[in-house]
Amino acid sequence: FIPPQVRRFFDTQLETCFERLFRAFNRYTHMEVHEDVQGSFRGNQMYRDVEMYLSSLERINESDFVRIQRCEEETSVTFSLPPEETIEDNFMGSRVWWTYHCQQNQDSSQHSFFWDHRGRREYNKESRSFSLKMLRADKERIIKPYLQHIICASKELERSNTQRKLCTNDKYEWDEVELNHPSTFDSIALSPDLKELIVRDLDEFKCGETYYHSVGRAWKRGYLLYGPPGTGKSSLIAAIANHLNYDIYDLELTSVADNTQLKSLLTRTRRKSIIVIEDIDCSLDLSNRSKNEEGSPNADGNVNMGVGEHKNSRVTLSGLLNFTDGLWSCCGEERIFIFTTNHKERLDPALLRSGRMDLHILLSYCTFPAFKVLAANYLGVHEHALYPTVEKAMQHSKVTPAEVVELLLTNKSCVQVALERVMAALDEASRSRKNYTQVGIFSASDVDSYTDVVSAVKFNLSDIKVPASSELEHADGKSAVVANGHGNTNRFEVSNGDAPNTYCRMKKPKKLRRLLMKLGRS
Ligand SMILES: Nc1ncnc2c1ncn2[C@@H]1O[C@H](COP(=O)(O)OP(=O)(O)OP(=O)(O)O)[C@@H](O)[C@H]1O
């Protein structure tokens, strides 16, 4: 007998009253994350983030029912929830519950679609979602950081599930292969302080997005690795890539035709990548930005870097600097530039300054702490009766970690023999050093302190052609060449200091540097 309008009025009123009453007594709040977004065929990224995040929770293995899956590109299997299963999670001391829902779409007009890998339109016949339940009291405090936490975790998981790549340049394209280098910060022999410094710097960089943006800088970092051959520069790059889970772009500058090609290649690099230029001093003549003795200015007004085998390359130092610190440096964020060289002194100071090369890392001859790491890795020994003798010998002789590694590897079946071979190598190095000397070059105007000594050039004393007006006064295994030059043009004084490296002072540092480099090369 009640008219429908009145009935409907009471129905809706009662329903909302009941809902309000129910909510007043309900301590929990619910949220839903649907797979599809209306009007968009790309779907809901948050849904994929939640799915990825939940699959990484350890608790998922405790469920009685789980789904196991592996995608073509991924390296590991993932677990996921079956429909109507719930999983609990903890965040900032609060508990939350996720439930997976999956319903068949009855009405075909509701089917959302997506594009498959061949570009064909595919329809979702199911409607999938996750519901999140948490205490009403916790909602305001944790919801935003919790969702942010899920987004970050899912990004990280996606990276770690995807095979990392090692890319090399071929004209305008990158050729990719899988990156499987086993080097890590545990396997690499570095002094503990240096290792800690590098790892801390990398970790700060990795989490530094907000910081870099807040100070108005591109989110990138530059490392210069320098030191003699075989001291672990390439191994360190691989360890950095493994630590950060980044791809490596190994840029062969000698095969890049010009700045345009360089620009095109660098803009095609992905985020989370390390761009490496090995032996940068051999790739291009980067010693001077403003003039070039061998080349002439090109159409850009820059100088062609033509030395030796890279005569055809028209890449300029300015072109390279534009990417390390110029306008183009912000194209593709979260990138690390690593340049390596055996001769730091040959590089233009413009390339070395902070903002371009933020950290200069010297990888030098094997020290005793580094040797202990290698012995532990290759022989499995942490202490040995011969260690004090090895330690003493290492203070006077120089062998590279690569030489030590080779000896340990070939004699790994007998610890005693391996250590004796290392001792013999140290002895040999010490004897041959008597015929060599090392001269670090600096002039008061070039550098501020002794630690800034440009680098050491190793050469045989018999190779030194002292100018007629100069004299080779003193030389032995430890100290520098001590000579006095009184010629008009290359008057220089070389003295040895008390510090472990020797150095020279000169009026015409460039001239002497060139002379020493020639000797070093020959
Ligand atoms: N510090 C180190 N820790 C562990 N292994 C090292 C280290 N240095 C060198 N090695 C070993 O020596 C080999 C050569 O090292 P690597 O190629 O990294 O040296 P590099 O400094 O890059 O040499 P180059 O300047 O000639 O390219 C590596 O395969 C590695 O096994």
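Residues numbered from 1 in each chain as written. Predicted model: local features only at pLDDT ≥ 70, side-chain atom pairs only at ≥ 80, totals over all residues.

Engineer: Would you mind going over the nonpolar core with me for this structure?
Structural biologist: Residues Ile 237, Ile 274, Val 276, Ile 338 and Leu 374 are the most contacted members of the largest nonpolar core, which totals 59 residues. Two domains share this core, each providing at least three of its residues, namely domain 2 (166-362) and domain 3 (368-433). With sequence-adjacent residues up to four places away left out, Ile 338 is seen in contact with Tyr 223, Leu 225, Ile 237, Ile 274 and Val 276. With 12 residues, the next largest nonpolar core counts Val 50, Met 52, Leu 81 and Trp 98 among its residues. (Core = buried A, V, L, I, M, F, W, Y, C linked by C-beta atoms within 7 Å. Buried ≥ 20, exposed ≤ 12 C-beta atoms within 10 Å, placed from the backbone. Domains from an automatic or database assignment. Contact = placed C-beta atoms within 7 Å.)

Engineer: Teacher, can you tell me more about the pairing of strand S11 (residues 220-226) here?
Structural biologist: Side chains on a regular strand alternate between the two faces of the sheet. Most of S11 sits out of view: 7 of its 7 residues are buried. Of the two faces of S11, the one holding Lys 220, Gly 222, Leu 224 and Tyr 226 and the one holding Arg 221, Tyr 223 and Leu 225 are both buried throughout. Pairing between S11 and strand S14 (residues 335-341): 7 bridges, direction parallel. Looking across to S14, one finds that Leu 225 is bridged to Thr 340. Pairing between S11 and strand S15 (residues 359-362): 4 bridges, direction parallel. Its bridge partner lying in S15, Tyr 223 is registered against Leu 359. (Helix = DSSP H or I, 4+ residues; strand = E, 2+ residues; numbered from the N terminus. Pairing = 2+ DSSP bridges.)

Engineer: Honestly, the site of the ligand in this entry has me stumped. Any pointers?
Structural biologist: Taken together, the neighbourhood of the ligand is formed by 14 residues, with Pro 229, Gly 232, Ser 234, Pro 401 and Ala 402 sitting nearest. Those elements that place two or more of their residues in the shell around the ligand are helix H6 (233-244) and helix H13 (401-410). Looking at the shell around the ligand, its residues break down into 7 nonpolar, 6 polar and 1 charged. For the shell around the ligand, the domains that each give at least three residues are domain 2 (166-362) and domain 3 (368-433). (Near = placed C-beta within 6 Å. Nonpolar A, V, L, I, M, F, W, Y, C, P; charged D, E, K, R; others polar.)

Engineer: Before we go on, may I ask you to explain the confidence of the model for the protein in this structure?
Structural biologist: Residue-level pLDDT values for the protein average 74, and 69% of them are 70 or greater. Across the protein, the secondary-structure element scoring lowest on mean pLDDT is strand S19 (residues 482-484), at 34, and the one scoring highest is strand S13 (residues 273-277), at 93. For the stretch residues 287-311, pLDDT sits under 50, and the model shows 44 contacts to residues farther than four places along the chain or on other chains. Under the prediction, the complex receives an ipTM of 0.96, its pTM being 0.62. (pLDDT = per-residue confidence, 0-100.)

Engineer: Whenever I open this one, the sheet that holds strand S1 (residues 28-34) confuses me. Can you help?
Structural biologist: By way of backbone hydrogen bonds, the strands of a sheet pair with one another, either parallel or antiparallel. Pairing within the open sheet is antiparallel, and its 4 strands lie in the order S1-S8-S5-S4. The open sheet has two edge strands with one neighbour each: S1 and strand S4 (86-91). Looking at each pair of strands side by side, their axes are set apart by 25° on average, direction ignored. Where S4 meets strand S5 (residues 94-104), 6 bridges bridge the pair, whose relative direction is antiparallel. Residue pairing for S5: Phe 91 is matched across the bridge by Ser 94. Here helix H2 (residues 45-56) sits on the sheet in contact with S1, S4, S5 and strand S8 (126-135), set at roughly 110° to S1. The strands touched by helix H3 (residues 136-161) within the sheet are S1, S4, S5 and S8, with S8 carrying the most contacts at an inclination of about 130°. (Axes fitted to C-alpha atoms, helices over the stretch in contact; angles between N-to-C directions.)

Engineer: What am I meant to see in the environment of Leu 81 here?
Structural biologist: Its location among the elements puts Leu 81 in the loop between strand S3 (78-80) and S4. Residue Leu 81 is classed as buried on the basis of its C-beta count, with 23 C-beta atoms lying within 10 Å. As a C-alpha pair, Leu 81 and Val 66 span 15 residues in sequence and 5.3 Å in three-dimensional space.

Engineer: Looking at this structure, I do not really get the environment of Ser 94. What am I missing?
Structural biologist: Tracing the chain through its elements places Ser 94 in strand S5. A sequence separation of 43 residues divides Ser 94 from Ala 137, and the C-alpha atoms of the two residues are 10.0 Å apart. Ignoring sequence-local partners within four residues, the contact set of Ser 94 consists of Met 134, Leu 135, Asp 138 and Ile 142.

Engineer: Would you take a moment to explain the sheet that holds strand S9 (residues 165-170) for this structure?
Structural biologist: Taken in spatial order, the 7 strands line up as S10-S9-S12-S13-S14-S11-S15 in an open sheet, and their pairing is mixed. One side of each edge strand has no neighbouring strand; the edge strands of this open sheet are strand S10 (173-178) and S15. The mean angle between the axes of side-by-side strands here comes to 25°, regardless of whether they run parallel or antiparallel. Across the face of the sheet, H6 comes into contact with S11, strand S12 (247-250), S13 and S14 while running at roughly 170° to S13.

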